[in-house]
Amino acid sequence: MATTLATPVDGALVRPAGSVLVVGQRSDRDAVAHRLAGAGVYVVPGGPARLRTVADVARVARDESVDAVLWLTTDDAAPARALARQLAVLGMRELPVVLAPEAGDEDLAHHAAWLTDRVTETLEDARGGSATTATVVSMGELVSRLEREIRAASGHRRRRGVTMPAVAVLDVAERGLLRSRFGDNGVRKAARSVAALAREAASARDVIAVDRSGRVVVLLRDRDDVWVEHRLVGLAARVSEVEVRLHGEGLRLTPVVGWARADSPSSGAALGRARTAAAVAAEQLDLQPVRWQEGMTRTPPRRGVTYRLPSAVGQFGLSLLVGVVIPFLLLVLADKLGHSVASYVYATVVVVMSVTAVSVWAEGLASLRTRPLPPASGSPPLASAVIAAYLPNESATILDTVRAHLASEHRDLEVVLAYNRPHRLPVEDALEALAAEDPRLRLLHVEGSASKAQNINAALGHVRGEMVGVFDADHHPAPDAFDRAWRWLAAGYDVVQGRCVVRNGDVSWISRLVAVEFECIYGVSHPGRARLHGFAVFGGSNGYWRTDVLRRVRMHSSMLTEDIDASVRLVGEGGRIAYDPGLHSYELAPTRLEPLWWQRLRWAQGWFQVTRAHAGAVANRFSLGRRQRLGMTFLLRWREVTPWVGQLTLAVVAHAVWAAGGELSRVPVSPLLLLVLLVSLATAPGQALFGWLNATPQMRRRPRWFLVYLLAGSLVYGEWRNVVARVAHVRELTGSDDWIVTPRATGRSSGERRAL
């Protein structure tokens, strides 16, 4: 990607003494954990529910990237042998394991102090001893070692558990810009700094070298693919978090990592594949390592922008087959076998839809009591607004959006427009003229970008503010938005999500429907869930981040809803996201049904992607409280199940008609009527009522809009959204990831002017 060098950011990471997984009886474990925490060692949360077997211990040690395991046991030999085998299977033979006997209650304090000394000494040896850290060699020596590893592994390929060595290439996105500012000498100095950081993050079995181009090459031996990914993620994070000094100037570098298995006789082929993967990673800028795959070229495969109607019809038909036809046939088959389950299915649908209805009303009641705005604390610092735009789609609105940002009341604001386009467009002339008039505006054309996530990641190399506001290209933030957002960040939050208000609601009946829906989402669901679950989510626009947090978390362009993915990852690692319904930004809604379909289909598939990627791991994280874990389960898993459970209503009704022999007079009307009413009325009345109660002043003046939304939501719109969700699931599970860019509405209505 073409970028310009980032302005340095003060501050550097202070690395902890290490992380340890403590296994043993609760009394011993708690006492040692307390002592280790006092010694600056992070103790990975563990417990009976998490560590039931030796395999669990090894898995958690891998997943949490621990530096050592402390096992308190009455039998030194048995766990040592079993754990060694499990660690070897996971490619972690060199992980230090401290085995120690358990202590009686009277000796607990002394025992904990003694074990703390043993563990800290082990960590110091692992970090500082020459025999337990990665080796830095010349590039020629690394190639020789790689070839020997390839020959050795090839000779034992048939042995179980033997894997080919992996080679990774670590580059920095600012390479060309370093050369332009500091020359080749600056590139070499930066490479040495990166190599030193890589040596800290690598293990004793890794070998590191710097090639002629200044790229860091790492040989990783005897590791499975999951562990390679874990190691490289940690390596990239280490490089991104540390400020590198060049000619007295502090710089934050953006690492890009590509890797490949050396599964061919040629070391050159393996290195070439890793370099190709690193070039692909340079297009993403999301700190995620990219593995080389067959057919990979420098430019990664991009999602298509067309969609064939037969596929859409087929996917809808498949959702009906799975959700209605097959359940109906199974109900009939169960009856014929003499084991009727229709009553159980009916009860399941009633319970699920009842819980859903109760949750909507609970969210509504919770939304009436929002957290107060934190008090002002000093002058707000320099802030950055990042506007991500795909210019062919945003040309008609982007100038108004930029001007709205420049009209902010924040005293020290820079606006970075990060955009991609297939070719130069006329609107760029007007943007460049505006940038020449106002130095606060910086234009960043991100070459090679194919997503909003890539544009945001590229902009992070340029922002100078302590706070970054992220916006879509049609969003106009309120003049006081940045000052208000800083009050949340100054109070200790990592992110604050604001309220998105539709400003073209009177253009069409579709935009009116969406305008009310957004009042229900941002006026009810967001604040209600934040209060009930103990966390909010970043919604993709009008969200304000601490810059250092956003640089660490990044946006993953592999996800259709990169905003939800980033939210779940941040909350899962203990981050804090607030929601402020008074933090307004005004956007454009689709004005026709077709763009709305494609927009919501992408959102629904993106949510399902996040559920598949994170639901299991996040719901079991002990760093989260019980309320947060329950909230994550409801937010991810429950919301994906309810569209299918609601569709079972059709199967239950069809089965009732079949069981009555087709005679409608014999069909039990009352239970079926209750079922249909629960499905159709589960959410719309509560959402419409609380949406109007919490509506913005301009929307409160539109009560008829809410009445129409109530009727439409109860009868049509709610089921339409369920259809979208079910089709999205089918698309994701069948590998369909093409999408259509949602066209922006053009023209400014009277309603838009009033909203502003």
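Keep in mind that what you see is a predicted model, and the values were worked out from it rather than measured.

1. A look at the overall build of the chain
In terms of regular secondary structure, the chain is built from 25 helices and 20 strands. Taken across its 756 residues, the chain has 54% of its residues classed as buried. When the accessible surface of the chain is totalled, it reaches about 32,600 Å², and 56% of it is carbon and sulfur.

2. Describing unusual backbone geometry
Notably, Leu287 is not glycine yet its phi reads approximately 65°, a positive angle. Its place among the elements puts Leu287 in the loop between α8 (267-284) and β12 (290-291). Judged by its relative accessible area of 7%, Leu287 falls in the buried class. Backbone geometry places Arg554, a non-glycine residue, at a positive phi of 60°.

3. With respect to the confidence of the model for the chain
Considering every residue of the chain, the mean pLDDT works out to 82; 82% of them sit at 70 or more. Predicted confidence for residues 1-16 stays below pLDDT 50, and this span has 56 contacts to residues more than four positions away or in other chains. Under a pLDDT of 50 for its full length, residues 747-756 has, in the predicted model, 22 contacts with residues more than four places off or in other chains.

4. What about the sheet that holds strand β4 (residues 97-100)?
Hydrogen bonds between backbone atoms are what pair the strands of a sheet, whose relative direction is either parallel or antiparallel. Strands sit in the order β2-β1-β3-β4 across an open sheet of four strands; the sheet is parallel. Only two strands of the sheet have a single neighbouring strand rather than two, namely β2 (42-44) and β4. On average, each strand axis in the sheet is tilted by 25° relative to the strand beside it, whichever way the strands run. Relative to strand β3 (residues 68-72), strand β1 (residues 19-23) runs parallel, the two being bridged by four bridges. Its bridge partner being in β3, Val22 is matched across the sheet by Leu70.

5. Comments concerning a positive patch on the surface
A contiguous patch of positive charge, built from Arg369, Arg371, Arg531, Arg576 and Arg627, is present on the exposed surface. Secondary-structure assignment places Arg531 in helix α16 (residues 509-533). We classify Arg531 as partly exposed; its relative accessible area is 36%.

6. Observations regarding a nonpolar patch on the surface
A grouping of Leu318, Leu321, Val322, Val325, Ile326, Leu329, Leu330, Leu333 and Leu337 is seen on the molecular surface, where their side chains present a nonpolar patch of about 760 Å² in accessible area. Following the sequence through the fold, Leu333 ends up in helix α9 (residues 309-336).

7. What about the packing of aromatic side chains?
Under the criterion given, the structure shown has eleven aromatic pairs. Residues Trp361 and Phe690 carry aromatic rings whose centres are separated by 5.5 Å and whose planes lie at 80° to one another, so their mutual orientation is edge-to-face. Of the two residues, Trp361 sits in helix α10 (residues 342-367) while Phe690 sits in helix α22 (residues 684-693), which places them 329 residues apart along the sequence. When the ring of Tyr717 is compared with that of Trp720, the centres are 5.5 Å apart and the planes differ by 10°; the resulting orientation is stacked. Taken together, the residues Tyr717 and Trp720, both in helix α24 (residues 703-733) and three residues apart, mark about one turn of the helix. Judged by its relative accessible area of 5%, Tyr717 falls in the buried class. Judged by relative accessible area, Trp720 falls into the buried class, the value being 18%. An aromatic cluster of three or more residues is present, and its members are Trp597, Tyr709, Tyr717 and Trp720. Positioned over the ring face of Trp292 is Arg273, at 4.2 Å from the centre of the ring.

8. Description of the side chain of His410
Assignment of secondary structure puts His410 in the loop between α12 (398-406) and β14 (413-420). Exposure remark for His410: the relative accessible area of 3% places this residue in the buried category. Within polar-contact distance, the side chain of His410 engages the backbone oxygen of Asp412 at 3.2 Å. Polar side-chain contacts of His410 include one of 2.6 Å to the side chain of Asp483. Excluding its chain neighbours within four sequence positions, the residues that come into contact with His410 are Pro380, Pro381, Leu382, Ala383, Pro479, Phe482 and Asp483.

9. Notes on the nonpolar core
Formed by 78 residues in total, the largest nonpolar core has its most connected members in Trp545, Met555 and Trp597. Counting 33 residues, the second largest nonpolar core, distinct from the first, contains Ala383, Ile398, Tyr419 and Phe482.

10. Thoughts on the packing of α10 against α16
Where α10 meets α16, the closest approach of the two axes is 7 Å, and the angle between their N-to-C directions is 85°. By the criterion of interaxial angle, the relationship of α10 to α16 is roughly perpendicular. Only Gly523, Val524, Ser525, Pro527, Gly528, Arg529, Arg531 and Leu532 of α16 make contact with α10, whose side of the interface consists of Ala362, Glu363, Gly364, Ala366 and Ser367. Looking at the contact of α10 with α16 residue by residue, the classes come out as five nonpolar, five polar and three charged.

11. Thoughts on helix α18 (residues 562-572)
The element α18 is extensively covered by neighbouring structure, given that eleven of its eleven residues are classed as buried. Residues of α18 that are buried include every one of Glu562, Asp563, Ile564, Asp565, Ala566, Ser567, Val568, Arg569, Leu570, Val571 and Gly572, and no others. Positive phi shows up at Gly574, right after α18, with a value of about 95°.

12. Some details on the sheet that holds strand β11 (residues 255-261)
Taken together, the six strands give an open sheet; going across it, the order is β5-β7-β8-β6-β11-β12, and neighbouring strands pair in mixed fashion. In this open sheet, the two edge strands, each paired with only one partner strand, are β5 (135-136) and β12. Sheet topology note: the β11/β12 ladder contains two bridges and is parallel. When the bridges of β12 are listed, Trp259 appears paired with Arg291. Across the sheet, helix α7 (residues 225-241) touches β6 (166-172), β8 (216-220), β11 and β12, and the angle it forms with β11 is around 160°. Where α8 meets the sheet, it contacts β6, β8, β11 and β12, and its direction lies at approximately 145° from that of β11.

13. What about the pairing of strand β19 (residues 543-546)?
For a regular strand, side-chain orientation follows a simple rule: the groups alternate between the two sheet faces. Alternating positions in β19 separate into two faces, Gly543 and Trp545 on one and Tyr544 and Arg546 on the other, with burial throughout. The pairing of strand β16 (residues 467-472) with β19 spans four bridges and is antiparallel. Bridge assignment links Gly469 to a residue of β19, and that residue is Tyr544.

14. Considerations on the packing of helix α20 (residues 626-659) against α24
The N-to-C vectors of α20 and α24 enclose an angle of 110°; their axes lie 9 Å apart at closest approach. Judged by the angle between their axes, α20 and α24 are roughly perpendicular. The element α20 and its partner α24 pack so that their crossing is left-handed. In this structure, α20 uses Glu640, Pro643, Trp644 and Gln647 to contact α24, whose residues at the interface are Asn722, Ala725, Arg726, His729 and Val730. Across the contact of α20 with α24, the residue classes tally to four nonpolar, three polar and two charged.

15. Quick notes on the pattern of salt bridges
A full pass over the atoms with the stated rule returns 28 salt bridges. For the salt bridge of Arg442 with Glu414, the shortest nitrogen-to-oxygen distance reads 3.5 Å. Here Arg442, found in strand β15 (residues 441-445), pairs with Glu414, found in strand β14; they are 28 residues apart in sequence, far enough to count as distant. The residue Lys452 makes a salt bridge to Asp472 at a minimum N-O spacing of 2.7 Å. Separated by 20 residues along the polypeptide, Lys452 in helix α14 (residues 452-459) and Asp472 in strand β16 bring together distant segments of the chain. The exposure class of Lys452 is partly exposed, given its relative accessible area of 22%. The exposure class assigned to Asp472 is buried, which follows from its relative accessible area of 18%. A network of salt bridges, in which partner residues are shared, links Arg421, Arg424, Glu428, Asp429 and Glu432.

Conventions we followed
Residues numbered from 1 in each chain as written. Predicted model: local features only at pLDDT ≥ 70, side-chain atom pairs only at ≥ 80, totals over all residues. Heavy atoms only, no water. Helix = DSSP H or I, 4+ residues; strand = E, 2+ residues; numbered from the N terminus. Buried < 20%, exposed > 50% of the residue type's maximum accessible area, 1.4 Å probe, protein only. Areas by Shrake-Rupley, 256 points an atom, 1.4 Å probe, with all protein chains shown as cover. pLDDT = per-residue confidence, 0-100. Contact = heavy atoms within 4.5 Å. Pairing = 2+ DSSP bridges. Axes fitted to C-alpha atoms, helices over the stretch in contact; angles between N-to-C directions. Patch = residues over 30% accessible without salt bridge, like charges linked within 9 Å, V, L, I, M, F, W, Y side chains within 5 Å. Salt bridge = Lys/Arg side-chain N within 4 Å of Asp/Glu carboxyl O. Lys, Arg positive; Asp, Glu negative; His and termini not counted. Charge placed at Lys NZ, Arg CZ, Asp CG, Glu CD. Phe/Tyr/Trp six-rings, centres within 6.5 Å; stacked < 30°, edge-to-face > 60°. Lys NZ or Arg CZ within 6 Å of the ring centre and 35° of its normal. Polar contact = N/O pair within 3.5 Å; in protein donor to acceptor, adjacent residues only side chain to side chain. Core = buried A, V, L, I, M, F, W, Y, C linked by side-chain atoms within 4.5 Å. Parallel < 35°, antiparallel > 145°, perpendicular 65-115°, else oblique. Nonpolar A, V, L, I, M, F, W, Y, C, P; charged D, E, K, R; others polar. Left-handed = near helix turned anticlockwise from the far one by under 90°.

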